[in-house]
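# Analysis of the macromolecular model
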Amino acid sequence: QRQQYDMTMQLTALRNEISMLTDKLIQTEEKVYRWKREFKDLQHKFIQVVNDHTQTREKLEDTCRMLEESEHIRSRWFLKKAQHDQEPISNTLPKKSSPRQHQSHSLPNNLLSRVATRNVRPTLSLNFNLSLRRNYTNTPKKPVAAADEGGHNPLLWIGCLSLGVAYTYYQKKQAERLALLAKQQTSDTDENHATVSHATENKQENTPVIKSNSKNIDYQQVYNDIAELLDSNPDYDDGSYGPVLLRLAWHSSGTFNKEDDSGGSNGGTMRFRAEGSHAANNGLEFARDLLEKEIKPKYPELSYGDMYTLGGVVAIQELGGPNIKWRPGRQDAGENKCTPDGRLPDGSKNTDHVREVFYRMGFNDREIVALTGAHVLGRCHLDRSGYEGPWQESPTFFSNDYFKAITSRQWVKKELPNGLWQWSDKSNPDIMMLPIEITMLEDKDMKPYFELYAKDVTVFFEDFANAFKKLIELGVPFTGDEKEYVFERVNM
């Protein structure tokens, strides 16, 4: 009995040590992940400095080019003036010439050449002959020749050169002004069209307003731009917008009803207050506003449904999750297509409610549990959902740790200040589970999947990828010609 007791104590100590090592491993993984993010930020800052340096250099080159051209014109004028000063007096007398010949002298050849090649950028040279700038102060003044002396009057040369340069500058500015005016007119036309479309939405409540994708979109570049936003605000939550972008994709898709094909990601109706203000969508304005400000202006042809779901794909892949196959094709609809409140899961209810919500969309128990694994990312907020805390210790790294936590820890009830309650980890009260999740774990048909995913991350990743793809495509009127993307990752 003594030996058995000692072996039991040793086994307990070994288990505790394994648990401590596991926690340290998780913490180390999180630190490595954050270091990678910090390194990526430093890379971005370095690239920005290089870009600023390049722009400054280009401006310096343009300034040098203008100075070189100015010195070239000035030197040509002094050369002509010197030749004029050295000519005999007889050569300065007026010469008989035909009107055609006289007209040809009205514009010097070098000016004609400069006007004809005004769009050709000369080779940059920093060796300026600056000594020409004030040589005229040492040149004796000569009598000014008459204006009709066959083009030898220096004032005529200066006037022609000035007119040529001024004309070139005017043409350039006029072209820029016309281009800007055309752009503004196009923008005004688009805005007027949007206004008319919005008015049509209000009049025709049963007809969605469709926006066609008239231009090709580089969806890999859209993915890259969203990926760059994930860690753009270190003060937001745990330092990443990834979890809230995933939640936006989930909630904008999880309203689908297979009975009447209403709801789902098609339509992008989450952007309207009528749907965005639902209780289950509290806090998603952070994700919507981020994409509206940083992504939509770059890709105005990108539909809101495609933008929201693509944001979820970016979050999953960039935070370490599986590859998600994605294809475009969602069409924006009017506010009249917003879904009623109550279609999303309520964390305070039981398994029957879960099945009612997910069976309405066409999912089975295995797919339900797999999608629940998305709770590995992010945390609850007391002022949004009414609950507080993350589901495990690494809320910005996608893994099967959610299933490990819910199946292996001891959960106790914790009362909240708002009157609700949640499950908390007995050994780490900061970690929580929703009441509905423990009822799912205790369900005899769902529990085997919780245990399977806790043991095998590969199976979980495969099932989650398939279920999430199905979720974000519910109700989308694909034509069959859409390209299916598997995006290259940016940070992983």
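So, here is what we can say about the structure in this document. Since we're looking at a predicted model, the values are computed, not measured.

### Regarding the overall build of the chain
Counting its secondary structure elements, the chain contains 15 helices and five strands. Here the chain holds 492 residues, and 39% of them are scored as buried. When the accessible area of the chain is evaluated, it comes to approximately 29200 Å², of which 53% is carbon and sulfur surface.

### What about the sheet that holds strand S3 (residues 411-415)?
Here three strands make up an open sheet; going across it, the order is S3-S4-S5 and the pairing antiparallel. Each edge of the sheet is formed by a strand with only one pairing partner; in this case those strands are S3 and strand S5 (432-433). Here S3 runs beside strand S4 (residues 421-425); their pairing, made up of five bridges, is antiparallel. When the sheet's bridge partners are listed, Val-412 is paired in S4 with Ser-424. The strands touched by helix H13 (residues 435-442) are S3, S4 and S5; relative to S4, the strand with the most contacts, the crossing angle is about 65°.

### What about the nonpolar core?
Ile-295, Val-313, Phe-358, Met-433, Phe-450 and Phe-468 are the most contacted members of the largest nonpolar core, which has 84 residues in total. Excluding residues that lie within four positions of it along the chain, Phe-468 makes contacts with Leu-246, Ala-249, Trp-250, Val-313, Ile-316, Ile-324 and Leu-371.

### Section: the side chain of His-251
Among the structural elements, His-251 can be located in helix H6 (residues 242-253). Given a relative accessible area of 14%, His-251 falls into the buried group. Among the polar contacts made by the side chain of His-251, one reaches the main-chain carbonyl oxygen of Ala-280 at a distance of 3.1 Å. A polar contact of 3.0 Å, which involves the side chain of His-251, links it to the side chain of Asn-281.

### Considerations on the pattern of salt bridges
Tallied over the entire structure, the rule returns 14 salt bridges. Asp-306 serves as the salt-bridge partner of Arg-330, at 2.8 Å between the closest nitrogen and oxygen. Remark: Asp-306 occurs in helix H9 (residues 304-318) and Arg-330 occurs in the loop between H9 and helix H10 (351-361); sequence separation between them is 24 residues. The class of Arg-330 is buried, set by a relative accessible area of 1%. The salt bridge partner of Lys-470 is Glu-367, with a shortest N-O separation of 3.3 Å. Within this pair, whereas Lys-470 is found in helix H15 (residues 457-472), its partner Glu-367 is found in helix H11 (residues 365-372), the two being separated by 103 residues in sequence. Connected through shared salt-bridge partners, Arg-327, Lys-469, Glu-473 and Glu-484 make up one network.

### Topic: the pairing of S4
In terms of residue burial, S4 counts as a mostly covered element, since four of its five residues are buried. Two strands pair when backbone bridges link them, and S4 and S5 are joined in this way by two bridges, in the antiparallel orientation. When the sheet's bridge partners are listed, Trp-423 is paired in S5 with Met-433. Linking two consecutive strands that pair antiparallel, namely S4 and S5, is a turn of six residues.

### Things to note about the packing of aromatic side chains
The tally for this structure, following the rule as stated, stands at 23 aromatic pairs. Pairing Trp-250 with Phe-358 gives two aromatic rings, centres 5.7 Å apart and planes at 80°, and the pair type is edge-to-face. Within this pair, whereas Trp-250 is found in helix H6, its partner Phe-358 is found in helix H10, the two being separated by 108 residues in sequence. For the residue pair Trp-250 and Phe-358, the accessibility class agrees, reading buried in each case. When the centroid spacing of 5.2 Å and the interplanar angle of 80° are considered together, the rings of Tyr-402 and Phe-403 count as edge-to-face.

### Observations regarding the packing of H6 against H15
Where H6 meets H15, the axes come as close as 8 Å, and the angle between the chain directions of the two elements is 55°. One element, H6, and the other, H15, form an angle in the oblique class. Residue-level contacts link Leu-246, Ala-249, Trp-250 and Ser-253 of H6 to Phe-468, Leu-471 and Ile-472 of H15.

### Section: H9
The terminal C-alpha atoms of H9 lie 21 Å apart, and with 15 residues this matches the ideal 21 Å at 1.5 Å per residue to within 8%. By the criterion of burial, H9 is predominantly enclosed, with 15 of the 15 residues buried. Just downstream of H9, Gly-320 is the residue with a positive phi angle, here 100°.

### Some words on the packing of H10 against H11
It is at 10 Å that the axes of H10 and H11 come closest, and there the two elements cross at 100°. Judged by the angle between their axes, H10 and H11 are roughly perpendicular. Residue-level contacts link Val-354, Arg-355, Phe-358 and Tyr-359 of H10 to Asp-365, Ile-368 and Leu-371 of H11. The residue makeup of the contact of H10 with H11, split by class, is five nonpolar, no polar and two charged.

### Concerning a nonpolar patch on the surface
Nonpolar side chains collect at one region of the surface, where Leu-11, Leu-14 and Ile-18 lie side by side and expose about 270 Å² of accessible area between them. Summarising the element assignment, Leu-11 is placed in helix H1 (residues 2-86). Of the residues examined, Leu-11 reaches a relative accessible area of 41% and is grouped as partly exposed.

### Re the environment of Glu-488
Take Glu-488: it is sitting in the segment after H15. Glu-488 sits in the exposed class, given a relative accessible area of 61%. Each C-alpha atom of the pair Glu-488 and Tyr-223 lies 8.7 Å from the other, and the pair is 265 residues apart in sequence.

About the criteria used
- Residues numbered from 1 in each chain as written.
- Predicted model: local features only at pLDDT ≥ 70, side-chain atom pairs only at ≥ 80, totals over all residues.
- Heavy atoms only, no water.
- Helix = DSSP H or I, 4+ residues; strand = E, 2+ residues; numbered from the N terminus.
- Buried < 20%, exposed > 50% of the residue type's maximum accessible area, 1.4 Å probe, protein only.
- Areas by Shrake-Rupley, 256 points an atom, 1.4 Å probe, with all protein chains shown as cover.
- Pairing = 2+ DSSP bridges.
- Contact = heavy atoms within 4.5 Å.
- Axes fitted to C-alpha atoms, helices over the stretch in contact; angles between N-to-C directions.
- Core = buried A, V, L, I, M, F, W, Y, C linked by side-chain atoms within 4.5 Å.
- Polar contact = N/O pair within 3.5 Å; in protein donor to acceptor, adjacent residues only side chain to side chain.
- Salt bridge = Lys/Arg side-chain N within 4 Å of Asp/Glu carboxyl O.
- Phe/Tyr/Trp six-rings, centres within 6.5 Å; stacked < 30°, edge-to-face > 60°.
- Parallel < 35°, antiparallel > 145°, perpendicular 65-115°, else oblique.
- Expected span 1.5 Å × (residues − 1).
- Nonpolar A, V, L, I, M, F, W, Y, C, P; charged D, E, K, R; others polar.
- Patch = residues over 30% accessible without salt bridge, like charges linked within 9 Å, V, L, I, M, F, W, Y side chains within 5 Å.

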